[in-house]
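# An overview of the molecular structure
Here is what each chain is made of, one letter per residue.
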Amino acid sequence: GAGVSQTPSNKVTEKGKYVELRCDPISGHTALYWYRQSLGQGPEFLIYFQGTGAADDSGLPNDRFFAVRPEGSVSTLKIQRTERGDSAVYLCASSFSSGDTQYFGPGTRLTVL
Amino acid sequence: TQLLEQSPQFLSIQEGENLTVYCNSSSVFSSLQWYRQEPGEGPVLLVTVVTGGEVKKLKRLTFQFGDARKDSSLHITAAQPGDTGLYLCAGRSNSNSGYALNFGKGTSLLVTP
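Rules used in this analysis
Residues numbered from 1 in each chain as written. Chains lettered and ligands numbered in written order. Predicted model: local features only at pLDDT ≥ 70, side-chain atom pairs only at ≥ 80, totals over all residues. Heavy atoms only, no water. Helix = DSSP H or I, 4+ residues; strand = E, 2+ residues; numbered from the N terminus. Rg over C-alpha atoms; globule rule 2.2 N^0.38 Å. Contact = heavy atoms within 4.5 Å. Areas by Shrake-Rupley, 256 points an atom, 1.4 Å probe, with all protein chains shown as cover. Lys, Arg positive; Asp, Glu negative; His and termini not counted. Charge placed at Lys NZ, Arg CZ, Asp CG, Glu CD. Buried < 20%, exposed > 50% of the residue type's maximum accessible area, 1.4 Å probe, protein only. Pairing = 2+ DSSP bridges. Salt bridge = Lys/Arg side-chain N within 4 Å of Asp/Glu carboxyl O. Nonpolar A, V, L, I, M, F, W, Y, C, P; charged D, E, K, R; others polar.

## Some remarks on the overall build of chain A
- Secondary structure summary: chain A contains zero helices and eleven strands in total.
- Written out in order from the N terminus, the α and β elements of chain A read β-β-β-β-β-β-β-β-β-β-β.
- Over its C-alpha trace chain A gives a radius of gyration of 13 Å, about what one expects of a compact globule, namely 13 Å for 113 residues.
- Counted over contacts in chain A with a minimum sequence separation of 6, partners at least 24 positions apart contribute 54%.
- Of the roughly 5300 Å² of accessible surface on chain A, a fraction of 48% belongs to carbon and sulfur atoms.
- Looking at charge distribution, chain A has the averaged site of its 11 positive side-chain charges lying 8 Å from that of its 11 negative ones.

Put into structure tokens, the structure is as follows:
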């Protein structure tokens, strides 16, 4: 079956611009997670959804970052006023339910010039 | 934040050699997971260890969870070029929900023919 998909695979933007990153979870998975992986680091948790609601957003670094999952399936991570330090691979994962095995997508590589 | 320290950070060996990588923490985890990540891909779960002292085998890979559930190791026997990748350990974090994963920085393994 189809795994987690993320679009775009690469995004290059300029400092100060707004970007949206999309995640399509595995069909039927109710939990969805966003992580950020900087060069030479392991993934770092950002936010987790159970259904449509953000159950845990304690990893969002500041108020420039926001994520939605309006219908409990696709999720969009939104970054306002991008900074060079936001450059990283943004990974999305989904699981059948909270606490189950997380399956990761290939990530979106964001480069802020 | 519960820190997971992985060592070594980089490892380059020849095909047929054995190796061990380590994941250590000062915190107790209810479980630890090992993932392998290839370039341009998301992490893929290899194993979850739950019980202190537990040993799990996956073909040529042997995973051990420390008695105190603070550390884990991954041993690869007769490494092959296909084992090349980034090996990450992760534990459930003490974030608000408890479902986010806290990753180590990873061990980057290169196996040359």
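## Some words on the pairing of strand β3 (residues 19-24) of chain B
Residue and element names in this part refer to chain B.
- With burial as the criterion, only one face of β3 is covered, namely that bearing L19, V21 and C23; the residues T20, Y22 and N24 on the opposite face remain uncovered.
- Both β3 and strand β8 (residues 71-76) contribute to a ladder of six bridges, which runs antiparallel. Residue pairing across strands places Y22 opposite S73, the latter belonging to β8.

## Comments concerning the interface of chain A and chain B
- Contacts between the two partners involve 20 residues from chain A and, on the opposite side, 19 residues from chain B.
- If you look at where chain A meets chain B, you find zero salt bridges.
- The set of elements that each furnish at least two residues to the side of chain A that touches chain B consists of β4 (31-37) and β5 (44-50) of chain A.
- In terms of residue count, β4 of chain A provides more of the side of chain A that touches chain B than any other element does, three residues in total.
- Residue composition of the side of chain A that touches chain B, grouped by class: eight nonpolar, ten polar and two charged.

Remember, this is a structural readout, not a statement about activity or role.
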